[in-house]
Amino acid sequence: MKFTTIVKAAALAAGVLCTTAQAADQTYIATTAIVEHPALDSVRAGIKDSLMENGYTEDNLKFTFESAQGSPATAVQIARKMVGDEPDLIVAIATPSAQAAVTASENIPVIFSVVTDPLGAKLVSNIEKPGGNVTGLSDMLPLAQQLELLQEIMPNLKTLGVPYNPGEPNAVSSVEALKVIAKEKGIKIIEAPAPKSSDVAFASQKLIGKADAIYCPIDNTIISALEAVVKTGIDGQIPVFAADTDSVARGAIAALGFNYYDLGKQTGELVLRVLNGENAGDIPVKFAEGTNLAINPKMAARMGIEIPASVTARATQVIE
Amino acid sequence: MSLFSFMGTLEIGLIFGLVAMGVYLTFRVLDFPDLTVDGSFTLGAAVTAALIVSSVNPYLATFAGCLAGAAAGVVTAWLNLRFNILHLLASILTMTALYTINLRVMGKPNLALITDPTVLTPFEGLGLANMYLKPLFVGVFVITVGILLALFLRTQYGLAMRAVGANKRMAQANGIVVKEKVYAGLALSNGLVALAGALFAQTNGFADSTMGIGTIVVGLAAVIVGETLLSSRKMLIIIFSCIVGSILYRLAIGFALNADFLGFNASDLNLITALLVGLALVLPQLRKEWKAKQAAIKANGGDA
């Protein structure tokens, strides 16, 4: 009786050891994210799929995932565990997880993903040549692509009105970046500050007659009062565009945004390059490319413009 | 669990030992359930990180972070004592306000320190690998603070503070100024929690606006697990048990992270951690009941 118990225990222990032991020819990718939510989960799926499409199989790839369930302290502990497990590569999704992984890892390459500002997060000191063992994908808004879309819909676009809250750091930095890119494209930016959501209507009305179009950046104050901007657009016959695709259903004419599964695929390309022998520190940080194009043709008509067929043809979401 | 992972677990456990001491001080000594800690942990990290980024000496920055935490504790005490707002509610108010204040202090939701000097920088040239240096430094630091706290609680003033928590009326009748002790206790408690935040930010390279969420739960779990395993009336051992409880809590998370061979996946982490901590709490009770039963059997002549 006792003997069988011992045998059972030994078998269990052996089983545990076998599953934790790693076959020599297996590639081991350890991924972690600060939380689990649909967008971040899609990123992970995209990464795994891009590996599977490039010769990796369930047999020769060990792909683990840990979620910090929202706690940066747990993220730190996960990073330490991963470095201790010595995988071939660590993929860290979102800023706190990436910072924890970069701090913990001295030799293991770290690829970050869905980090908006890798320089500000001090993950890398140089975008073109990160150095060390780190590179990754930034989901900084594709502002240049967004402006190109606006120019495609409105070829005569010369002045663009931007309502935003000067108290929101993210909005301020994206408007600063927008100004630089707009200048290159020959577009003048007119700022319309709205510190509170009750100021949004007035700020956008001031743009009538001054701007050819209105662009709403990702700014909680503006987005929460988006309807006020849309109303201005209809009343003043001035087209309203947005930086996020969700705003299109609420009345913006068009927006170019991210599909998070595609961000995973774009991250996967970086993972593959490192697995194929490139040094992570030599690979420039990649900026995510917008892949979701949402349009609202009815609203465009109400604001006095027509969306060209070339744009309609490649739209991924058309609001009826 | 690999050695690297174990050292990391130890380090984080030691840092949260400071949180456990702070929670012990309010929850057990003063009998004042204080949720301010969810905000003051981040506040300590935010103030320290913001100062370090603007080239202030890391030690000075850590001290400032600690003081900011103490000030937050004073605000909670003030809301409770001056305006008679229920302690839980007063601390929730401070915690809520601190979320915004922390964002303001940092200027953005996440402030990185990966390449900046920290309190560890002077020791980094000594040839000890970071994986040992960090827990060693944090260990010496936290144990020193723990000894100082235990000594403080044994002074006349500390005894008066304990008397306030044990029996407010009795303390008042004996000439203890109750309000002052509550102010001092909350300041000290939140100062310790902020100190933990300051250390955490420096050893891990970032301060984040979400890092304080759940601090009170971690602190309480550490205090209770520590108490369960090392019950004592000696102040030094009680404080020591806070640190041990905190390390055990982190080991439980570490174990949960390695529990995938049992068929668990990443989304089960918090449940496994809760189960393990729950087990640590239940086992001593079961053991006590079992012992009592055995003793009863013996007393009845063994034929029960």
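Sequence order as written defines residue numbering, which begins from 1 separately in each chain. Starting at A for chains and at 1 for ligands, labels are handed out in the order in which the entities are written. Local features in this predicted model are restricted to residues whose pLDDT is 70 or higher, and side-chain atom pairs enter the listing and the counts only when it is 80 or higher, whereas totals over whole chains, interfaces and linings include all residues. In computing side-chain values, all of the structure's heavy atoms are included and hydrogens and water are not.

Caption draft 1: Region of interest: the overall build of chain B. Put simply, DSSP H or I for four residues or longer makes a helix, DSSP E for two residues or longer makes a strand, and each gets a number counted from the N terminus. Across its full length, chain B carries 11 helices and 2 strands. All radius of gyration figures rest on C-alpha atoms, and the globule criterion is 2.2 Å times the number of residues raised to 0.38. For 304 residues, the compact-globule estimate of 2.2 N^0.38 gives 19 Å, and chain B sits close to it at 21 Å. Judged by the C-alpha coordinates and their principal axes, chain B covers about 75 × 60 × 35 Å. Note on exposure labels: buried denotes an accessible area under 20% of the residue type's maximum, exposed denotes more than 50%, and partly exposed covers the range between, all computed with a 1.4 Å probe on protein chains only. Considering chain B as a whole, with its 304 residues, one finds that 50% of them fall into the buried category.

Caption draft 2: Summary view of the overall build of chain A. Assigned secondary structure in chain A consists of 13 helices and 13 strands. Contact criterion: two residues are considered in contact whenever any of their non-hydrogen atoms come within 4.5 Å of each other. When contacts within chain A are restricted to residue pairs at least 6 apart in sequence, those whose partners lie at least 24 apart make up 71%. The method behind every accessible area is Shrake-Rupley, applied with a 1.4 Å probe, and residues are considered shielded solely by the protein chains displayed. A total accessible area of about 13,700 Å² is found for chain A, and carbon and sulfur atoms account for 55% of it. Here the positive residues are Lys and Arg and the negative ones are Asp and Glu; neither His nor the chain ends is included. For the purpose of locating charges, the reference atoms are NZ of Lys, CZ of Arg, CG of Asp and CD of Glu. One way to put it: in chain A the 25 positive side-chain charges average out to a point 5 Å from where the 35 negative ones average out.

Caption draft 3: Representation of the environment of Gly-8 of chain B within the structure. In this fold, Gly-8 of chain B is placed in helix H1 (residues 3-29). Note: C-alpha distance between Gly-8 of chain B and Tyr-132 of chain B (124 residues apart in sequence) is 8.9 Å.

Caption draft 4: Spatial organisation of the sheet that holds strand E13 (residues 317-318) of chain A. Residue and element names in this part refer to chain A. Spatially, E10-E12-E13 is the arrangement adopted by the 3 strands of the open sheet, whose pairing is mixed. With one partner strand each, in any of the chains shown, strand E10 (254-257) and E13 form the two edges of the open sheet. Pairing between E10 and strand E12 (residues 292-295): 4 bridges, direction antiparallel. Counted as the bridge partner of Leu-256 is Leu-293 from E12. Axes, fitted as lines to C-alpha atoms, cover a helix only where it is in contact. Angles between the N-to-C directions of the axes lie from 0 to 180 degrees. The sheet strands contacting helix H5 (residues 143-153) are E10 and E12, and the helix crosses E10 at an angle near 150°. Here, strands pair whenever DSSP counts at least two bridges between them.

Caption draft 5: Structural view of the pattern of salt bridges. All names here are of chain A. By salt bridge we mean one thing: a side-chain nitrogen of Lys or Arg within 4 Å of a carboxyl oxygen of Asp or Glu. A full pass over the atoms with the stated rule returns 18 salt bridges over all chains. Taking the shortest distance from any N to any O, the salt bridge between Glu-53 and Lys-265 comes out at 3.4 Å. Taken as a pair, Glu-53 in the loop between helix H2 (38-52) and strand E2 (61-67) and Lys-265 in helix H11 (residues 260-275) lie far apart in primary sequence, 212 residues in all. Notably, a salt bridge pairs Glu-227 with Arg-250, separated by 2.9 Å at the nearest N-O pair. Of this pair, Glu-227 sits in helix H9 (residues 226-235) while Arg-250 is found in the loop between helix H10 (246-249) and E10, placing the two residues 23 residues apart along the sequence. Members of the salt-bridge network, linked through shared partners, are Glu-176, Lys-179 and Glu-191.

Caption draft 6: Focus on the nonpolar core. Among the nonpolar cores identified, the biggest contains 105 residues, and Leu-18, Met-21 and Phe-200 of chain B are the most heavily contacted of them. Among the elements that line this core, the one with the most residues is H1 of chain B, at 12 residues. Ignoring anything within four residues of it in the chain, the contact list for Met-21 of chain B reads Val-142, Gly-146, Leu-149, Leu-192, Ile-239, Cys-242 and Ile-243 of chain B. Core analysis: the next-biggest nonpolar cluster, separate from the first, contains 48 residues, Val-200, Cys-216, Ile-253 and Val-311 of chain A among them. The term nonpolar core refers to a set of buried residues drawn from Ala, Val, Leu, Ile, Met, Phe, Trp, Tyr and Cys, joined through side-chain atoms within 4.5 Å.

Caption draft 7: Summary view of helix H5 (residues 130-154) of chain B. For a helix, the expected span equals 1.5 Å multiplied by the number of residues minus one. Given a rise of 1.5 Å per residue, 25 residues ought to cover 36 Å, and the 36 Å separating the end C-alpha atoms of H5 of chain B matches this to within 8%. Within the sequence span of H5 of chain B, burial applies to Leu-133, Lys-134, Pro-135, Phe-137, Val-138, Gly-139, Val-142, Val-145, Gly-146, Leu-149, Ala-150 and Leu-153 of chain B.

Caption draft 8: Layout of the interface of chain A and chain B. The partner chain B presents 37 residues to the 33 residues of chain A that form the contact. Taking both sides of the interface into account, the surface hidden between chain A and chain B amounts to around 2,900 Å²; carbon and sulfur atoms contribute 57%. At the surface where chain A touches chain B, the tally comes to 2 salt bridges. Glu-11 of chain B is the salt-bridge partner of Arg-80 of chain A, the closest N and O atoms lying 2.8 Å from each other. Pairing of N or O atoms within 3.5 Å defines a polar contact, subject to two protein rules: one partner must be a possible hydrogen donor and the other a possible acceptor, and residues neighboring in sequence count only if both atoms are side-chain atoms. Seen at the junction of chain A and chain B, the total is 10 residue pairs in polar contact (both at pLDDT 80 or more). Once two parts are put together, the accessible area they lose, assessed with a 1.4 Å probe and summed over both, is termed the buried area.

Caption draft 9: Quick look at the confidence of the model for chain B. Residue and element names in this part refer to chain B. As a per-residue quantity, pLDDT reports the predictor's confidence and falls between 0 and 100. Chain-level pLDDT for chain B is 92 on average; 99% of the residues reach the 70-or-more range. Mean pLDDT values for the elements of chain B range from 85 in helix H11 (residues 269-299) up to 98 in helix H3 (residues 58-83). ipTM for the predicted complex: 0.86, alongside a pTM of 0.83.

Caption draft 10: Representation of unusual backbone geometry within the structure. All names here are of chain B. Its identity as a non-glycine residue notwithstanding, Asp-31 has a phi of 55°, on the positive side. Looking at where Asp-31 falls in the secondary structure, it is placed in the loop between H1 and helix H2 (37-53). Among the residues examined, Asp-31 registers a relative accessible area of 51% and is labelled exposed.

Caption draft 11: Focus on a nonpolar patch on the surface. Residues and elements named next belong to chain B. The grouping of Ile-143, Ile-147, Leu-148, Leu-151, Leu-229, Leu-230, Leu-236, Ile-237, Phe-240 and Leu-248 at the surface amounts to a nonpolar patch, some 850 Å² of accessible area in total. Its place among the elements puts Ile-237 in helix H10 (residues 235-257). The exposure class assigned to Ile-237 is partly exposed, which follows from its relative accessible area of 34%. Nonpolar side chains (Val, Leu, Ile, Met, Phe, Trp, Tyr) within 5 Å and like charges within 9 Å form the patches, drawn only from residues with over 30% relative accessible area and no salt bridge.

Caption draft 12: Geometry of the side chain of Thr-9 of chain B. Within the secondary structure, Thr-9 of chain B is located in helix H1. The exposure class assigned to Thr-9 of chain B is buried, which follows from its relative accessible area of 1%. Once residues within four sequence positions are removed from consideration, Thr-9 of chain B is found in contact with Gln-77 of chain A together with Met-1, Arg-250 and Leu-251 of chain B.

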